[in-house]
Amino acid sequence: MTGKAPLVTLLLGVCLAALAGQAVAQDGDEEVCQADGTGACVGKAVRDEIHEADTGEDGIANDIHKMCPVAGSGIRNYFQGLMKWFGRRIGFHKMLSLWPEDIASEGWSDDYTTVNYLVVARIMVGLYWTRDPSWVKIPTAMATDKEEDLIRVENVHAPHEDIDGSPNFFWMESFVPSFFLKYAYMPAVTCFYSTLRRMSTHNNELNGTFEDSLDDPFMNTWEVVMNNTKYKKKVDWVMAFYDNAHSMDGQPLWPKQMTQFSLYFKKDEWEDRLEYAIAFHLIGAHRVEAGSWEFGNLPGIESVTLPFRVALNLFSTFEVRLHMGRYGTDLYFNEDGLPVLIKTPDGEIVLRGDKSWQYWKFVWRSTFITVITLVDHLHFAHFRTANLLSRAVREALDPDFPLRRLASIFTFGSIFVNLQAMHTLAGPNHLLHRATPFKEFTKLSSVIPSGDSGIITDITDLPAIKTLMVDEEWEKLHPKLKEAPFFADGRLLVGAFRKLMDSIFAVSWEGTMCSANGTYSPNMKRMGTVIFKESREAHYALTPEAYEWLSAEVETCNTGNSKRVMADRLVAYFFIVTGWHRHVGFVGDYYADPELATMSWKDGEKFGRPRQHIITTIINVFTSTHQPLLKEDYTHLFDGMKPDLGKEYKSTWKMFLKDLDEIEAEINRRNMKREILNINMSPLILESAISK
């Protein structure tokens, strides 16, 4: 934003918050008049019956009707109309530098997209100020596991509020009366998401259907949106929405570029070194398989054996909406890491140089980056790891228990951000649903988490994590993959976490975690019980060793195996919420250009459409805010612990910071020699928790 924009953002944000609060406050026993043209009005007593058809088995909709007191009243229609009116004042927003000067909303956007861009990407994120370690509060209470305190999407369950501080996200919270935060925060948030979800649906209801607008030649096409503008490239049009957009502390809303992918675009096509960079140097290294795959009867070469692949045809079974392209493609690489062969979802073999080579590479890139976003980032990192760990330590561990204090560093902000993710990324009719092509979108939160699907394993059993943690697995890794920054630098980070936990267990295990009689302490026993319960609740996979510990089948803790299992699990948790999260979550470089990668595309086209791609960018911006770094001083958390191990924990953390300094220096040295820079595992930018 320029000049006046931060103040304007603040004023608009305050106005919108006030309106939301007013709507919540006006809940009442008044009659509810239906917006179906009949004019019929009913009393509050029969409201639940009216909305039964609107919710069905939709956990988010049920939560909306429970948490938003005006979800079934006429007030919601008033607020929804106000949001639409606000979004349609494009000239006003241009004057305030909140919308690109020479871009119109007509011809591609709808009310949902426009309002989300303005309110979420520009106003809400624009109001954000980078948080530091002082935001990480000393725990004072334990959370409950009551069903009414949770929001549900299929198998995924997440808390509404964080006992360690909710929402604890915006700097101006200190000026908000505590009464409002305590009693009106959750209703206001829920009502806000309820309003957004209903927008641009056929009936303005929670269960309404939205239009993708892919079959109208005069709507949502690049020819329409770029006509009579200065933009010649799709990427320039997209980035115009963020070129001058900053948060309150001056940070650009679009994350700083790490890789200049435009260098790989020559003579109107993408060089094959682009896929090589993505797979072997950047975001995709953890999914590269090494092996031997033979293909015979190929035109011109008869047969070929290839040593690497990234297989994505598993995801071609997910049904897509009308006109949308299907996910999938298996891409095979030669010994140099260059792509040479693609197997399409229908089993067709496409070779480098074939007429459709560029199209299928685009399908592979878009599938790959979005599968990483949906599976490895959202479900594995946010829900499988951060959500479960945050719930477990808050429900099971006393506020002054040493492990609870340590875990506060690695779970800070996770409950808040996962609540937002439940609405906008896992729930129906919101950002991720509208950006992706999937027809049965909500069902993904049943299929993906399930251990039976094989899509997500236990955290210590995921091949990439296992390779970093287990020496024998590391030795099996192909030499070319050992050079990949994810593995080479990730190994350093895992080593630092293991050293940290060895030091913590040296002073905490006997008497604190493991009682003198050889049984788990009450805190640790409760933690195992909670993790086991919540893992079963979500149908998550568990290794046999984890199952024994968590299910309390093994009562004693005075064996080396028990200690190792618990330590390994904590090392995995801490790595996933830091290094792994950055590795799979940094996607701005990919989604800047709708011809490089996008979340959905019309079948046969090798680019994303304007509306769907702008929604994709909104997701990226909201998940790119700056959070407290891992290499910060969090020793204030170690005061007042029981038993009093403050001195030992502070000393251990300071040694850990020294290890991080050495890792940062080593990664800097490595990047001086690398053909493709990668800082995703560097403490220079690593954050301490999944809080965005």
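These notes cover the structure that comes with them. The model shown is predicted, which means the values in this text are computed figures rather than measured ones. (Residues numbered from 1 in each chain as written. Predicted model: local features only at pLDDT ≥ 70, side-chain atom pairs only at ≥ 80, totals over all residues. Heavy atoms only, no water.)

In a regular helix each residue adds 1.5 Å, so 14 residues correspond to 20 Å; helix α4 (residues 74–87) covers 20 Å between its end C-alpha atoms and thus fits that length. For α4, every residue scored as buried is listed here: I75, R76, F79, Q80, M83, K84, F86 and G87. (Helix = DSSP H or I, 4+ residues; strand = E, 2+ residues; numbered from the N terminus. Expected span 1.5 Å × (residues − 1). Buried < 20%, exposed > 50% of the residue type's maximum accessible area, 1.4 Å probe, protein only.)

The subject of this paragraph is the packing of aromatic side chains. Using the criterion set out here, one finds 47 aromatic pairs in the structure. Between the aromatic rings of F486 and W580, the centroid separation amounts to 5.9 Å while the plane-to-plane angle is 75°, which identifies the pairing as edge-to-face. Placement of the pair is F486 in helix α20 (residues 485–513) and W580 in helix α23 (residues 560–585), with a sequence separation of 94 residues. With respect to class, F486 is no different from W580; both count as buried. By the ring-pair criterion, three or more aromatic residues cluster together here, those being W99, W108, Y117, W222, W237, F241, Y242 and W254. Note that R131 overlies the ring of W135, its terminal NZ or CZ placed 6.0 Å from the centroid. The cationic tip of R582 hangs over the ring face of F586; the distance from NZ or CZ to the ring centre is 4.2 Å. (Phe/Tyr/Trp six-rings, centres within 6.5 Å; stacked < 30°, edge-to-face > 60°. Lys NZ or Arg CZ within 6 Å of the ring centre and 35° of its normal.)

Attention shifts here to the sheet that holds strand β9 (residues 330–333). Across the sheet, which stays open at both edges, the five strands sit in the order β7-β8-β9-β10-β11 with antiparallel pairing between neighbours. The strands lining the two open edges of the sheet, one partner per strand, are β7 (289–298) and β11 (349–351). Pairs of neighbouring strands in the sheet enclose a mean axial angle of 35°, with direction left out of account. Pairing of strand β10 (residues 339–343) with β11, which is carried by three bridges, proceeds in the antiparallel orientation. Looking across to β11, one finds that K343 is bridged to I349. Seen against the sheet, helix α12 (residues 357–396) touches β8 (302–311), β9, β10 and β11 and runs at an angle of roughly 80° to β10. (Pairing = 2+ DSSP bridges. Axes fitted to C-alpha atoms, helices over the stretch in contact; angles between N-to-C directions. Contact = heavy atoms within 4.5 Å.)

A few words now on the nonpolar core. W237, L406, W580 and W653 are the most contacted members of the largest nonpolar core, which totals 214 residues. Sort the elements by how many residues they give to this core and α12 lands first, with 22 residues. Ignoring sequence-local partners within four residues, the contact set of W237 consists of I103, W108, W222, V225, M226, Y231, P610 and I614. Counting residues in each nonpolar core, the second largest holds eight residues, with F295, Y332, L341 and L351 among its members. (Core = buried A, V, L, I, M, F, W, Y, C linked by side-chain atoms within 4.5 Å.)

Take empty space enclosed by the protein next. Rolled over the atoms, a probe with the dimensions of a water molecule shows which regions are left empty. According to the stated counting rule, one finds eleven cavities of 30 Å³ or more in the structure shown. In terms of lining, the largest cavity is formed by 17 residues, of which the most central are Q420, T424, L425, L431 and F622. Elements with a contribution of two residues or more to the lining of the largest cavity: α6 (111–124), α8 (185–198), α14 (414–426) and α25 (610–622). Top element by residues in the lining of the largest cavity is α14. It accounts for five residues. Of the residues in the lining of the largest cavity, the class split is ten nonpolar, six polar and one charged. When its volume is computed, the second largest cavity comes out at roughly 120 Å³. For the second largest cavity, the lining is made up of 15 residues, of which T373, H377, L425, I619 and T623 are closest to its centre. Listing elements by their share of the lining of the second largest cavity, those giving two or more residues are α12, α23 and α25. Examining the composition of the lining of the second largest cavity, we find that four residues originate from one element, α12, more than from any other. Among the residues making up the lining of the second largest cavity, the classes are represented as eight nonpolar, seven polar and no charged. (1 Å grid on protein atoms, 1.4 Å probe; cavity = no way out; pocket = protein on both sides within 12 Å on 5 of 7 lines; lining within 4 Å. Points joined across faces, edges and corners; volume = space filled by probe spheres on them. Nonpolar A, V, L, I, M, F, W, Y, C, P; charged D, E, K, R; others polar.)

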